[in-house]
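Spelled out from the first residue to the last, the chains are:
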Amino acid sequence: MATRLKRLERWASLSRRGFSTSCDEQKLQQSGKNVNLFSAINQALHIALETDPRAYVFGEDVSFGGVFRCTTGLADRFGKNRVFNTPLCEQIVNEAAKFRYRSGNQFNCGGLTIRSPYGAVGHGGHYHSQSPEAFFCHVPGIKVVIPRSPQQAKGLLLACIRDPNPIVFFEPKWLYRLAVEEVPEHDYVLPLSQAEVIRPGSDITLVGWGAQLSVMEQACVDAEKDGISCELIDLRTLIPWDKETVEASVRKTGRLLVSHEAPVTGGFGAEISASIVERCFLRLEAPVARICGLDTPFPLVFEPFYMPTKNKILDAIKSTVNY
Amino acid sequence: MAVWFTRSRFMSHHLKREVGLLGLNNPSFWSSFTHHNSSPLENCRTPETVFSIRRFESTKAEKQLDSRFDDDENLILDFPGGKVTFTPEMRFISESPEKRTHCYRVLDDNGQPSMCSSFEQISKEVAVKMYSNMVTLQIMDTIFYEAQRQGRISFYLTTIGEEAINIASAAALTTNDVILPQYREPGILLWRGFTLQEFANQCFGNKADYGKGRQMPIHYGSNKHNYFTVSSPIATQLPQAVGAAYSLKMDGKDACVVTYFGDGGTSEGDFHAALNFAAVMEAPVIFFCRNNGWAISTPTTEQFRSDGIVSRGQAYGIRSIRVDGNDALAVYNAIQAAREMAISEQRPILVEALTYRVGHHSTSDDSTKYRPVGEIEHWRVARDPVTRFKKWVERNDWWSDKDESELRSSVRKQLLHAIQVAEKVEKPPLADMFTDVYDRPPSNLSEQEGLLRESIKRHPQDYPSDVPV
Ligand SMILES: Cc1ncc(C[n+]2csc(CCOP(=O)(O)OP(=O)(O)O)c2C)c(N)n1
Ligand SMILES: [Mg+2]
């Protein structure tokens, strides 16, 4: 409980400050209102339907606005022919992912974007707090994108919808209401497969995505008090991921820590770790650290034990720097 | 139950506190949350109470006023989907109808049209093309099957016994109608002009294969012929077909989607999702079930207990028909009518064709292990759809023995030639392994390709020599 509270407070403070943005994204700051993540998603869906007559929104409960309110107003505005409920039916791994490949590029499922809530939310338990991103990362043919904030969510979602490949877009449940930041009202996209350095540093590189970044940011702040300078990177697109940005950072710092909510074994952190060891073996001054979820189903009451908390990360930062 | 309520109240209280602390409390969220919890209980109680009171108040005058009673004075419930009559009798619906659904057929076993059969006469030209294609399909199956046995291709699967389903349904459609096949329907491609060479190229996985050699033999696909590429997992094409049909509907096209599947496929969740989805979306799609009695070794008696597949239609609100799948004229007429209804009325149609899988499931199967040889022989000889149709064509004086022998020898020649050519055409280049995963290969694949090429240079003996690098 205490952990949860802290986590929420932490997020609130972070979102008030907002993450630093890279230069080419400065222009995004120009206009806009403070909105939360579900409203940013909603804006993106409105723009997608408005700008492309062949864009459709369908799925469980989307017609009335969705369980998380992301599709509010779409059916009224664009009609029930373009925004409708469907019985659930999933064909992501065997069908969407291989459609282009198996037909020799004669057919594709083009701009398919599958939005899904994901991640811890404080009370979800086994099924509703899972982070299954690594499953999808292991299926060639689909891309996996996870935003960290409302402004990012809008720009990345529009980029996904307009990308000619099937994409699984995971929306961190925790942030739907609690993450608030200024979001430009106009149509804009953020690049896929481009990581973003959201906090520059020189002693160790931290890589994460989605809601976990707020926890990592706190660890960076605390580490700074001990004189450790951390560079924090939001991967944003997990597949195909931006190795170059992570590699360049590790070449500078010589150390890497990856953190995600999903179970550590076979998690996407393992992939990042292996790739960086391949590329920067001689530059590394310590083993790559992974601070992740545990290899259990997501446990309701033991959630605070399960989660990759700020102090777990902070301890790992220290032991990696002092290796 | 009590525990659940306590817990959920605790949860909402607990969350309220957390969120409230942050000053982010949102009244509309919490009010809708509370409403959600209580409404199911209210819904359950209210109607019961209302109707029990009404029952005692029944009078003729009231009946005229609000017509809440049927002719036998039974109370009627106005319920989503239509009016439902209450009955004091507790009667369960039987699990099976008294009589099985009839099977529409035009030609009897001797190729003689039944006297009172309603069917549309087809032209000589169409009839001869249908018969020729049925024969071609049979010969293609025989020769490719043999090629697999000789180790020249890795796998094969025949359509023997289902030639009428393949060719007659194709003949009743236009080439604008979009096909989502299972895997036992190559005849539709053949009808649409996919050449024997193109079939051979796919089976040999050479560089002329449109699938670039990535899939097993028989996984044909041709965008040009509106024929989606075959996918191995059973029944996945069904919900996709509904989506494709919905797209035709939205574009106002004068075309429908036809998706084929086996009796086994109807047990998959995708089958149920697709029928339901199509009915609700009013999608112009024909669901064509080839009930051939077997799903590999599983007989239909172990697959379902309903009266076949046709009976499922009504449960989903879909018009349906059962047809003799070994009668080309019946299949042709049923599909032509189904197409007309699907397009003009914008609705799905379910067709169940009764037939038999005369061949083994595939080259990986020996069906004599699980079914009597006598059964196979009966269907292969006495119920052969090609022979039956031939008798009708001959009766019309449209076909001679000379035509027959010319056709057979020409198709055989073409096929042997196609195989020889396909075998010689080189395999798709190594680069094709990395393309089409995405629209453009991302860096990880380029990197892996580079590493692979280095490995090939160092260890050429580890790799097949017929793939150009
Ligand atoms: C989802 C899935 N489950 C199982 C299989 C294995 N399998 C391949 S064909 C087949 C039988 C299908 O039978 P049916 O639908 O009746 O078609 P038929 O082969 O008789 O034409 C099975 C079970 C598969 N390909 N996909
Ligand atoms: Mg079957």
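Fair warning: this is a prediction, and the values are worked out from it, not measured in the lab.

Student: Explanation requested: the coordination of the magnesium ion (ligand 2) in the structure shown.
Tutor: For a metal bound by four donors in a tetrahedral arrangement, the ideal donor-metal-donor angle is 109.5 degrees, while six donors in an octahedral arrangement ideally sit at 90 or 180 degrees. Residue and element names in this part refer to chain B. Around the magnesium ion (ligand 2), the protein contributes the donor atoms Asp263 (OD), Asn292 (OD1) and Trp294 (O), which lie 2.1 to 2.3 Å from the metal centre. The motif formed by the donor residues of the magnesium ion (ligand 2), counted along the single chain, is D-x28-N-x1-W. Of this pair, Asp263 sits in the loop between β4 (257–262) and α9 (269–281) while Asn292 sits in the loop between β5 (285–291) and β6 (294–295), and the two are 29 residues apart along the sequence. Judged by its relative accessible area of 0%, Asp263 falls in the buried class. According to the relative accessible area criterion, Asn292 is buried, its value standing at 3%.

Student: Explain the sheet that holds strand β9 (residues 349–354) of chain B to me, please; I cannot follow it from the model alone.
Tutor: Strands in a sheet are paired, the pairing made by backbone hydrogen bonds, and the direction either parallel or antiparallel. Residues and elements named next belong to chain B. Spatial ordering of the open sheet is given by β3-β4-β5-β9-β8, a layout of five strands whose pairing is parallel. Two strands lie at the open edges of the sheet, namely β3 (178–180) and β8 (319–324), each paired on one side alone. Pairs of neighbouring strands in the sheet enclose a mean axial angle of 20 degrees, with direction left out of account. Of the pairings in the sheet, the one linking β4 to β5 comprises six bridges and is parallel in character. When the sheet's bridge partners are listed, Gly262 is paired in β5 with Arg290. In this fold α9 packs onto β4, β5 and β9, with an angle of close to 150 degrees to the strand it touches most, β5. In the packing of helix α11 (residues 328–344) onto the sheet, contacts are made with β5, β8 and β9, and the angle to β5 comes to roughly 155 degrees.

Student: Is there a simple way to explain the packing of aromatic side chains in this structure?
Tutor: Residues and elements named next belong to chain B. Under the definition given, this model contains 23 aromatic pairs over all chains. For the pair Phe194 and Phe199, a centre-to-centre distance of 4.8 Å together with 80 degrees between the ring planes defines the contact as edge-to-face. Judged by centre distance (5.5 Å) and plane angle (45 degrees), the rings of Trp294 and Tyr370 are tilted. Note that Trp294 is positioned in strand β6 and Tyr370 in the loop between β9 and α12 (373–382), a separation of 76 residues in sequence.

Student: What is the right way to read the confidence of the model for chain B from this model?
Tutor: Residues and elements named next belong to chain B. When the pLDDT values of chain B are averaged, the result is 87; 86% of them are 70 or greater. Segment residues 1–65 is flagged for pLDDT under 50; beyond a separation of four residues in sequence, or across chains, it makes 47 contacts in the model. For this predicted complex, the interface confidence reaches an ipTM of 0.73, while the overall pTM sits at 0.81.

Student: I'm lost on the environment of Pro442(B) in this one. Help?
Tutor: All names here are of chain B. For Pro442, the position within the fold is in the loop between α14 (401–424) and α15 (443–458). Taking relative accessible area as the criterion, Pro442 reaches 11% and is therefore assigned buried. Between the C-alpha atom of Pro442 and that of Gln112, which follows or precedes it by 330 residues, the distance is 62 Å.

Student: Where do I start with the pairing of β9(B) in this structure?
Tutor: In regular strands, side chains alternate between the two faces of the sheet. Residues and elements named next belong to chain B. Summarising burial for β9: five of the six residues are buried, a large majority. In this structure, β5 lies alongside β9, joined through six bridges in parallel fashion. Directly across from Arg290, in β9, lies its bridge partner Ala353. Both β8 and β9 contribute to a ladder of six bridges, which runs parallel. Within β9, the position partnered with Val323 by the bridge is Ala353. Traced from β8 through α11 to β9, the parallel crossover comes out right-handed.

Student: What am I meant to see in the side chain of His260(A) here?
Tutor: Residue and element names in this part refer to chain A. Summarising the element assignment, His260 is placed in strand β12 (residues 256–263). At 2.9 Å, the side chain of His260 and the backbone oxygen of Ala262 are in polar contact. Discounting residues that sit within four places of it in the chain, His260 has contacts with Glu133, Trp209, Gln212, Gly267, Phe268, Gly269, Ile291, Cys292, Gly293 and Pro308.

Student: Can you walk me through the domain arrangement of chain A in this structure?
Tutor: By a widely used convention, the size of an interface equals the accessible area lost when the partners come together. Residue and element names in this part refer to chain A. Structurally, chain A comprises domain 1 (2–184) and domain 2 (196–321). Opposite the 37 residues of domain 1 that make contact, domain 2 presents 33 residues. When the two sides are added together, the surface that domain 1 and domain 2 hide from each other amounts to roughly 2,800 Å², 57% of it contributed by carbon and sulfur. A salt bridge links Arg148 to Asp234, with the shortest nitrogen-to-oxygen separation between them at 2.7 Å. Counting across the domain 1 and domain 2 interface gives nine residue pairs in polar contact (both at pLDDT 80 or more). Mapped onto the side of domain 1 that touches domain 2, the elements with two or more residues apiece are α1 (2–17), α5 (125–128), α6 (133–137), β5 (143–145) and α7 (150–162). Of the residues forming the side of domain 1 that touches domain 2, the biggest block, seven residues, is contributed by α1.

Student: Explain the site of ligand 1 to me, please; I cannot follow it from the model alone.
Tutor: Residues and elements named next belong to chain B. In the vicinity of ligand 1, 17 residues are found, and the nearest of them are Tyr183, Arg184, Gly264, Arg290 and Trp294. A distance of 2.8 Å is found between an oxygen atom of ligand 1 and a side-chain nitrogen or oxygen belonging to Arg184. His361 is positioned such that a nitrogen or oxygen atom in its side chain is 3.4 Å from an oxygen atom of ligand 1. Here the residues of the shell around ligand 1 sort into six nonpolar, seven polar and four charged.

Student: When you look at unusual backbone geometry in this model, what are you seeing that I'm missing?
Tutor: Glycine aside, residues mostly have negative phi angles, and peptide bonds mostly take the trans form. For the bond running from Ile239(A) to Pro240(A), omega is -10 degrees, close enough to zero to count as cis. You can see Pro240(A) is positioned in the loop between β11 (237–239) and α10 (243–253). Residues other than glycine seldom take positive phi values, yet Arg69(A) does so here, at roughly 70 degrees. Examined against the element boundaries, Arg69(A) turns out to sit in the loop between β2 (57–59) and α3 (74–78). Overall, Arg69(A) belongs to the partly exposed group, its relative accessible area being 27%. A positive phi angle, near 70 degrees, is found at Asp436(B), a position not held by glycine. Take Asp436(B): it is sitting in the loop between α14 and α15. The class of Asp436(B) is buried, set by a relative accessible area of 7%.

Student: Help me out: how do you make sense of the side chain of Thr320(A) in this one?
Tutor: Residue and element names in this part refer to chain A. By the secondary structure assignment, Thr320 is in helix α13 (residues 310–321). Residue classification places Thr320 among the buried positions, given a relative accessible area of 6%. For Thr320, the contacting residues outside a window of four places in its chain are Ile204, Arg255, Ala286, Pro287 and Ala289.

Student: Could you clarify how one ought to interpret the confidence of the model for chain A in this entry?
Tutor: The predicted structure's coordinates, where accompanied by low pLDDT, should not be read in detail. Mean pLDDT over chain A works out to 88, with 89% of the residues at or above the 70 mark. Low pLDDT, under 50, characterises residues 1–24 of chain A; the predicted model gives this stretch 56 contacts beyond four residues in sequence or across chains.

Student: Can you walk me through the packing of helix α4 (residues 124–149) of chain B against α14(B) in this structure?
Tutor: When two helices pack together, you describe them by how their axes are tilted relative to each other and by the distance separating the axes. All names here are of chain B. Between α4 and α14, the least distance of the axes is 10 Å, while the angle of their chain directions is 40 degrees. The angle between α4 and α14 places the two elements in the oblique class. The handedness of the crossing between α4 and α14 comes out as right-handed. Residues Tyr131, Ser132, Val135, Thr136, Gln138, Ile139, Met140, Ile143, Phe144 and Ala147 of α4 form the contact with α14, whose own contacting residues are Glu404, Leu407, Arg408, Val411, Arg412, Leu415, Leu416 and Ile419. Tallied by class, the residues present in the contact of α4 with α14 amount to twelve nonpolar, three polar and three charged.

Student: Sorry, what's going on with the nonpolar core here?
Tutor: For soluble globular proteins, nonpolar side chains are generally found buried alongside one another. Membership of the largest hydrophobic core comes to 75 residues, with the highest contact counts inside it found for Met130(B), Phe144(B), Tyr220(B) and Phe389(B). The dominant element in this core, judged by the number of residues it contributes, is α4(B), at twelve residues. Grouped together as the second largest cluster of nonpolar side chains are 41 residues, Ala44(A), Val57(A), Cys70(A) and Leu156(A) included.

Student: Would you explain the pairing of strand β2 (residues 82–85) of chain B in this entry?
Tutor: Residue and element names in this part refer to chain B. Here strand β1 (residues 76–79) runs beside β2; their pairing, made up of four bridges, is antiparallel. Opposite Phe79, over in β2, you have Gly82 as the bridge partner. Between β1 and β2, which pair antiparallel one after the other, the connecting turn spans two residues, and Gly81 there sits at a positive phi close to 105 degrees.

Cut-off values and rules
Residues numbered from 1 in each chain as written. Chains lettered and ligands numbered in written order. Predicted model: local features only at pLDDT ≥ 70, side-chain atom pairs only at ≥ 80, totals over all residues. Heavy atoms only, no water. Donors = N, O, S within 2.8 Å, 3.2 Å for Na, K, Ca; no water. Helix = DSSP H or I, 4+ residues; strand = E, 2+ residues; numbered from the N terminus. Buried < 20%, exposed > 50% of the residue type's maximum accessible area, 1.4 Å probe, protein only. Pairing = 2+ DSSP bridges. Axes fitted to C-alpha atoms, helices over the stretch in contact; angles between N-to-C directions. Contact = heavy atoms within 4.5 Å. Phe/Tyr/Trp six-rings, centres within 6.5 Å; stacked < 30°, edge-to-face > 60°. pLDDT = per-residue confidence, 0-100. Right-handed = clockwise from strand over helix to strand, strands pointing away. Polar contact = N/O pair within 3.5 Å; in protein donor to acceptor, adjacent residues only side chain to side chain. Domains from an automatic or database assignment. Buried area = accessible area lost by both parts, 1.4 Å probe. Salt bridge = Lys/Arg side-chain N within 4 Å of Asp/Glu carboxyl O. Near = heavy atom within 4 Å. Nonpolar A, V, L, I, M, F, W, Y, C, P; charged D, E, K, R; others polar. Parallel < 35°, antiparallel > 145°, perpendicular 65-115°, else oblique. Left-handed = near helix turned anticlockwise from the far one by under 90°. Core = buried A, V, L, I, M, F, W, Y, C linked by side-chain atoms within 4.5 Å.

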